[in-house]
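Reading the structure
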Amino acid sequence: MEADTKSVTIRNVQFGHRVTVIEPVNLYECELGDDVFVGPFVEIQRGVRLGARTHVQSHSFLCELVQIGHDCRVAHGVMFINDRFATGGPAGGNRELWEPTRIGNHVSIGSNATILPVRICDHVVIGAGSVVTRPIDEPGIYAGNPARLLRHLEDTPDGLEGSPR
Ligand SMILES: CC(C)(COP(=O)(O)OP(=O)(O)OC[C@H]1O[C@@H](n2cnc3c(N)ncnc32)[C@H](O)[C@@H]1OP(=O)(O)O)[C@@H](O)C(=O)NCCC(=O)NCCS
């Protein structure tokens with residue numbers, strides 16, 4: 001018996017300057033800004049955009065309709081979701097049921113977090129293993145399932161505490 005195998009690896013990706021990608025990865029029809037880093041075993045799907053200097057660590061999954069700003073950190077094994085199974089099961093190919101995720105700038109997402117289709121504003125930290133189910137409109141540190149505000153970020157001379165530099 002032989003399986004029907006398909007390989008994607010890297011196809012039709014728009015790269016900025018000095019992008020680093022550690023293979024193996026599946027990247028297709030997405031846009032990676034200047035100085036982006038993508039670790040191994042990452043999948044980034046069609047239409048995803050990563051702003052300059054954003055890093056995605058190994059084993060993360062960025063599905064269609066995800067956009068991430070600049071200077072963000074997506075740690076290991078972070079899962080994005082565009083289909084909430086809102087009608088009782090997977091939307092399958094019905095894109096009208098898919099929802100977008102918009103992540104601002106200077107957002108750090110801890111390992112193994114799951115991000116449902118939401119908006120997250122600038123200067124946010126998401127704790128490891130958190131499940132973000134609602135939009136986040138206020139800078140701060142959020143954690144848990146569902147993710148809740150732990151504390152606000154201190155304003156320091158170098159910018160908001162906790163932001164990647
Ligand atoms: C969320 C986070 C930034 C909070 O750090 P902090 O501000 O120093 O928070 P503390 O450790 O003082 O914890 C404060 C409270 O939040 C809880 N908490 C901390 N992190 C949590 C998490 N990820 N999920 C759920 N609760 C969490 C703590 O248990 C504590 O609760 P308590 O007050 O009831 O005891 C940090 O714990 C975290 O998860 N960082 C992600 C790191 C990561 O994934 N790095 C990837 C690179 S390897």
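Residues numbered from 1 in each chain as written. Predicted model: local features only at pLDDT ≥ 70, side-chain atom pairs only at ≥ 80, totals over all residues.

**Things to note about the nonpolar core**
In terms of nonpolar packing, the biggest core is built from 35 residues, with V38, I109 and I126 touching the most fellow members. Where this core is concerned, the elements lending two or more residues are β11 (66-68), β15 (107-109) and β18 (124-126). A per-element tally of this core places β18 first, with three residues. In this structure, I109 is in contact with R73, V74, A75, V78, I115 and I126, ignoring residues within four places of it in sequence. (Core = buried A, V, L, I, M, F, W, Y, C linked by C-beta atoms within 7 Å. Buried ≥ 20, exposed ≤ 12 C-beta atoms within 10 Å, placed from the backbone. Helix = DSSP H or I, 4+ residues; strand = E, 2+ residues; numbered from the N terminus. Contact = placed C-beta atoms within 7 Å.)

**Observations concerning the pairing of strand β20 (residues 140-143)**
Side-chain direction in a regular strand flips from residue to residue, so the side chains alternate between the two faces of the sheet. Where β18 lies against β20, three bridges are found, and the strand directions are parallel. For V125, the partnering residue across the bridge sits in β20 and is I141. The pairing of β20 with strand β21 (residues 148-151) spans three bridges and is classified as antiparallel. Residue A143 lies in a different strand from β21, and its bridge partner there is R148. Where β20 folds back onto β21 in an antiparallel hairpin, the turn is made up of four residues, including G144, whose phi is positive at roughly 105°. (Pairing = 2+ DSSP bridges.)

**What about the environment of C121?**
On the secondary structure map, C121 appears in the loop between β17 (119-120) and β18. Excluding residues that lie within four positions of it along the chain, C121 makes contacts with G104, I136, D137, E138 and P139.

**Quick look at the site of the ligand**
Near the ligand the following residues occur: A75, G110, S111, V125, G127, A128, G129, S130, I141, A143, G144 and L150. Of the residues assigned to the shell around the ligand, the class counts are six nonpolar, six polar and no charged. (Near = placed C-beta within 6 Å. Nonpolar A, V, L, I, M, F, W, Y, C, P; charged D, E, K, R; others polar.)

**Structural notes on the sheet that holds β20**
If you walk across this open sheet you meet the eight strands as β3-β6-β9-β12-β15-β18-β20-β21, and the pairing is mixed. Because the sheet does not close on itself, it has two edges, and the strands there are β3 (20-21) and β21.

**Overview of unusual backbone geometry**
With an omega of 10°, the peptide bond between E23 and P24 qualifies as cis. Among the structural elements, P24 can be located in the loop between β3 and β4 (26-28). Here the amide bond leading from N145 into P146 is cis, since omega sits at 0°, within 30 degrees of zero. Mapped onto the secondary structure, P146 falls in the loop between β20 and β21. The backbone phi angle of N12 is positive, close to 50°, even though this residue is not glycine. Within the fold, N12 resides in the loop between β1 (10-11) and β2 (14-15). Of note, the phi angle at F85 is positive, near 60°, even though the residue is not glycine. Accessibility expressed as a C-beta count within 10 Å gives 10 for F85, which makes it exposed.

**Thoughts on the sheet that holds strand β8 (residues 49-50)**
Taken together, the six strands give an open sheet; going across it, the order is β2-β5-β8-β11-β14-β17, and neighbouring strands pair in parallel fashion. For this open sheet the edge positions go to β2 and β17, each flanked by a neighbour on one side alone. Sheet topology note: the strand β14 (residues 101-103)/β17 ladder contains two bridges and is parallel. Looking across to β17, one finds that R102 is bridged to R119.

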